[in-house]
Amino acid sequence: MTDLPLAAPPAAAPPCLQAAGVQKRYGPHLVLAGVDLTLASAQVTVILGENGAGKTTLMRVLAGDLLADAGRVMIGGHDLESAPEAARKGLVYVAQHPPLAPLLSLREHAQALVAFRGLDPVQAAADLSDLAGVFTLAHALDKPVRALSGGMAHKAALTLAFLAR
């Protein structure tokens, strides 16, 4: 019997998102006071709080729309402050008021996303069709966003987030 070299165990994937000691102030008002958060891939997390509790500020800091005054945010093992391009590569953030162009349809938004992200257009078209079915938007693919209800516009933004992978 020969001795076989032992294979190293696979390296554990870094957390999908990790925040450590995140603080944010607006003037003298401390909005985020040392937030620590670790999210694994395929995990659903709900952030609840009263109006003005800092939920939107936290999401904007985690997405890189706002810089934290202290602390660190890591996305997929990349530091959001020192390597923002690498960190944001796998990030899609759907805001409370998604920035959708009111005159463009969901299909036109998807085509722009395909070009911007360098996605396979054939696969993206198939994925868009599937996602439109999941979010009950098949009938609205070619309507301008301004013709959609608020809830449908949010579903359109989620469709685009999933399409972006």
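Criteria and thresholds
Residues numbered from 1 in each chain as written. Predicted model: local features only at pLDDT ≥ 70, side-chain atom pairs only at ≥ 80, totals over all residues. Heavy atoms only, no water. Salt bridge = Lys/Arg side-chain N within 4 Å of Asp/Glu carboxyl O. Helix = DSSP H or I, 4+ residues; strand = E, 2+ residues; numbered from the N terminus. Buried < 20%, exposed > 50% of the residue type's maximum accessible area, 1.4 Å probe, protein only. Expected span 1.5 Å × (residues − 1). Contact = heavy atoms within 4.5 Å. Core = buried A, V, L, I, M, F, W, Y, C linked by side-chain atoms within 4.5 Å. Patch = residues over 30% accessible without salt bridge, like charges linked within 9 Å, V, L, I, M, F, W, Y side chains within 5 Å. Areas by Shrake-Rupley, 256 points an atom, 1.4 Å probe, with all protein chains shown as cover. pLDDT = per-residue confidence, 0-100. Pairing = 2+ DSSP bridges. Axes fitted to C-alpha atoms, helices over the stretch in contact; angles between N-to-C directions. Parallel < 35°, antiparallel > 145°, perpendicular 65-115°, else oblique. Left-handed = near helix turned anticlockwise from the far one by under 90°. Nonpolar A, V, L, I, M, F, W, Y, C, P; charged D, E, K, R; others polar.

1. Thoughts on the pattern of salt bridges
Here is step 1 of the chain: Scanning the model with the defined rule gives three salt bridges in all.
Here is step 2 of the chain: Here K24 makes a salt bridge to D69, at a shortest N to O gap of 3.7 Å. With K24 in strand β1 (residues 17–26) and D69 in the loop between α1 (55–63) and β3 (70–75), this residue pair connects regions lying 45 residues apart in the sequence.
Here is step 3 of the chain: A residue is classified by how much of its surface remains accessible, and K24, at 11% relative accessible area, is buried.
Here is step 4 of the chain: Accessibility expressed as a relative area gives 48% for D69, which makes it partly exposed.
Here is step 5 of the chain: Between D79 and R72 there is a salt bridge, with its nearest N and O atoms 2.8 Å apart.
Here is step 6 of the chain: Overall, D79 belongs to the buried group, its relative accessible area being 14%.

2. Quick word on helix α5 (residues 150–163)
Here is step 1 of the chain: Between the first and last C-alpha of α5 there are 20 Å, a value that for 14 residues agrees with the 20 Å anticipated at 1.5 Å per step.
Here is step 2 of the chain: In this structure, the buried residues of α5 make contact with α3 (106–117) and α4 (121–134).

3. Comments concerning the nonpolar core
Here is step 1 of the chain: In terms of nonpolar packing, the biggest core is built from 21 residues, with L100, L106, L137, A156, L160 and L163 touching the most fellow members.
Here is step 2 of the chain: Within the residue set of this core, elements represented by two or more residues are α3, α4 and α5.
Here is step 3 of the chain: In terms of residues, this core owes the most to one element, α5, which gives five residues.
Here is step 4 of the chain: The residues touching L106, leaving out its near neighbours within four places in the chain, are L128, L137, L141, K143, A156, T159 and L160.

4. Notes on a nonpolar patch on the surface
Here is step 1 of the chain: On the surface, V44, V46 and L48 cluster together into a nonpolar patch covering about 390 Å² of accessible area.
Here is step 2 of the chain: Inspection of the secondary structure assignment puts V46 in the loop between β2 (29–39) and α1.

5. Structural notes on the confidence of the model for the protein chain
Low pLDDT marks stretches whose predicted atomic positions should not be read closely.
Here is step 1 of the chain: Taken as a whole, the protein chain shows an average pLDDT of 88; of its residues, 93% reach a score of 70 or greater.
Here is step 2 of the chain: Across the protein chain, β1 holds the top mean pLDDT of 96, while helix α2 (residues 84–88) sits lowest at 88.

6. Some details on the pairing of β3
Here is step 1 of the chain: When β1 meets β3, the two strands line up antiparallel, connected through five bridges. Bridge pairing in β3 places L17 opposite I75.
Here is step 2 of the chain: Bridge analysis of β3 against strand β4 (residues 78–79) gives two bridges, and the strand direction is antiparallel. Within the sheet, the bridge partner assigned to M74 lies in β4 and is D79.
Here is step 3 of the chain: Where β3 folds back onto β4 in an antiparallel hairpin, the turn is made up of two residues, including G76, whose phi is positive at roughly 60 degrees.

7. Comments concerning the packing of α4 against α5
Here is step 1 of the chain: With their axes 10 Å apart at the nearest point, α4 and α5 run at an angle of 140 degrees to one another. Judged by the inter-axis angle, α4 sits oblique to α5. At the point where α4 passes α5, the crossing takes the right-handed sense. Seen from α4, the contacting residues are A124, D127, L128 and L131; seen from α5, they are T159, F162 and L163.
Here is step 2 of the chain: Split by residue class, the contact of α4 with α5 holds five nonpolar, one polar and one charged.

8. Re the sheet that holds β3
Here is step 1 of the chain: Strand order across the open sheet formed by four strands is β2-β1-β3-β4, with antiparallel pairing between neighbours. At either end of the open sheet lies a strand with only one pairing partner, and these are β2 and β4.
Here is step 2 of the chain: In the packing of α1 onto the sheet, the strands contacted are β1, β2 and β3, and the crossing angle to β2 comes to about 60 degrees.

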